Amino acid sequence: GENVEQHPSTLSVQEGDSAVIKCTYSDSASNYFPWYKQELGKGPQLIIDIRSNVGEKKDQRIAVTLNKTAKHFSLHITETQPEDSAVYFCAASYGSWGKLQFGAGTQVVVTP
Amino acid sequence: DVKVTQSSRYLVKRTGEKVFLECVQDMDHENMFWYRQDPGLGLRLIYFSYDVKMKEKGDIPEGYSVSREKKERFSLILESASTNQTSMYLCASSQLGRVSYTFGSGTRLTVV
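Residues numbered from 1 in each chain as written. Chains lettered and ligands numbered in written order. Predicted model: local features only at pLDDT ≥ 70, side-chain atom pairs only at ≥ 80, totals over all residues. Heavy atoms only, no water.

Caption draft 1: Molecular detail of the overall build of chain A. Along the backbone of chain A there are zero helices and 11 strands. Along the chain direction, N to C, the helices and strands of chain A fall in the order β-β-β-β-β-β-β-β-β-β-β. Scaling as 2.2 N^0.38, a compact globule of 112 residues should have a C-alpha radius of gyration of about 13 Å, and chain A matches this with 13 Å. C-alpha extents for chain A along the principal axes are approximately 40 × 30 × 20 Å. Counting over 112 residues, chain A shows a buried share of 46%. Expressed as a percentage of contacts within chain A between residues at least 6 apart in sequence, the contacts between residues at least 24 apart total 52%. For chain A, the accessible surface area stands at approximately 5500 Å², while carbon and sulfur atoms represent 47% of it. (Helix = DSSP H or I, 4+ residues; strand = E, 2+ residues; numbered from the N terminus. Rg over C-alpha atoms; globule rule 2.2 N^0.38 Å. Buried < 20%, exposed > 50% of the residue type's maximum accessible area, 1.4 Å probe, protein only. Contact = heavy atoms within 4.5 Å. Areas by Shrake-Rupley, 256 points an atom, 1.4 Å probe, with all protein chains shown as cover.)

Structural data, given as structure tokens:
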């Protein structure tokens, strides 16, 4: 099956700085890579995703890059703000029936 | 606003009790999932269902069962709760053929 590794487990950044979270996956058949943000007391929410035929995707201050050859993908948050503080999960699709394998999560803390 | 609703935010149960966790979605989604979230382990798939009365085991099905009698409702059952089932439980749904999940807010279960 699919195995997704996510680093770092915690990330502390100053407001205004950039944050980068990296994930690797094992199944070369994976073709969809979403990122979820989980705020305290809430369920994870999709913030950005990328498909295997695209190398980079941006949405305002967040961007995701994908390197299929190396089987890794990354989330980049620029100009971080306190409301970016949350747990972020990467995921990779696998098998049939639309399943996702999640990474272990990254706790991001943005300090003013 | 489309939703996945989990019936309880917090539950405390005794060892050996039969526990039901309920999840309802109003999006007419075919796929529904139960995940368990533990610190450092991310989200692990317990069971999923791609249609009424259909179910498939995920990565950690031991000690759990599920029921899907109606399209909108997916129940997770702990036949005999144990302390190692203390965790956050997340329900999610997605359209058939899509891998974009909508999550509920989670149920934090404590087994004492």
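Caption draft 2: Here's a closer look at the interface of chain B and chain A. Counting residues at the interface gives 22 residues for chain B and 19 residues for chain A. Between chain B and chain A, roughly 1700 Å² of surface is buried when both sides are summed, and carbon and sulfur atoms account for 59% of that area. The interface formed by chain B and chain A holds zero salt bridges in total. Counting the contacts that link chain B with chain A gives five residue pairs in polar contact (both at pLDDT 80 or more). Among the secondary structure elements, those contributing two or more residues to the side of chain B that touches chain A are β4 (31-38) and β5 (42-51) of chain B. Take the side of chain B that touches chain A: its biggest share by element is five residues, from β5 of chain B. (Buried area = accessible area lost by both parts, 1.4 Å probe. Salt bridge = Lys/Arg side-chain N within 4 Å of Asp/Glu carboxyl O. Polar contact = N/O pair within 3.5 Å; in protein donor to acceptor, adjacent residues only side chain to side chain.)

Caption draft 3: Region of interest: the pairing of strand β7 (residues 64-70) of chain B. All names here are of chain B. Alignment of β7 against strand β8 (residues 73-78), held across five bridges, turns out to be antiparallel. Counted as the bridge partner of Y64 is L78 from β8. Between the end of β7 and the start of β8, which pair antiparallel, lie two residues. (Pairing = 2+ DSSP bridges.)

Caption draft 4: A look at the pairing of strand β5 (residues 45-51) of chain A. Residues and elements named next belong to chain A. Looking at chain direction, strand β4 (residues 32-38) and β5 are connected through six bridges and run antiparallel. Bridge pairing in β5 places P34 opposite D49. Where β4 folds back onto β5 in an antiparallel hairpin, the turn is made up of six residues, including G41, whose phi is positive at roughly 80°.

On their own, these measurements won't tell you what the molecule is for.
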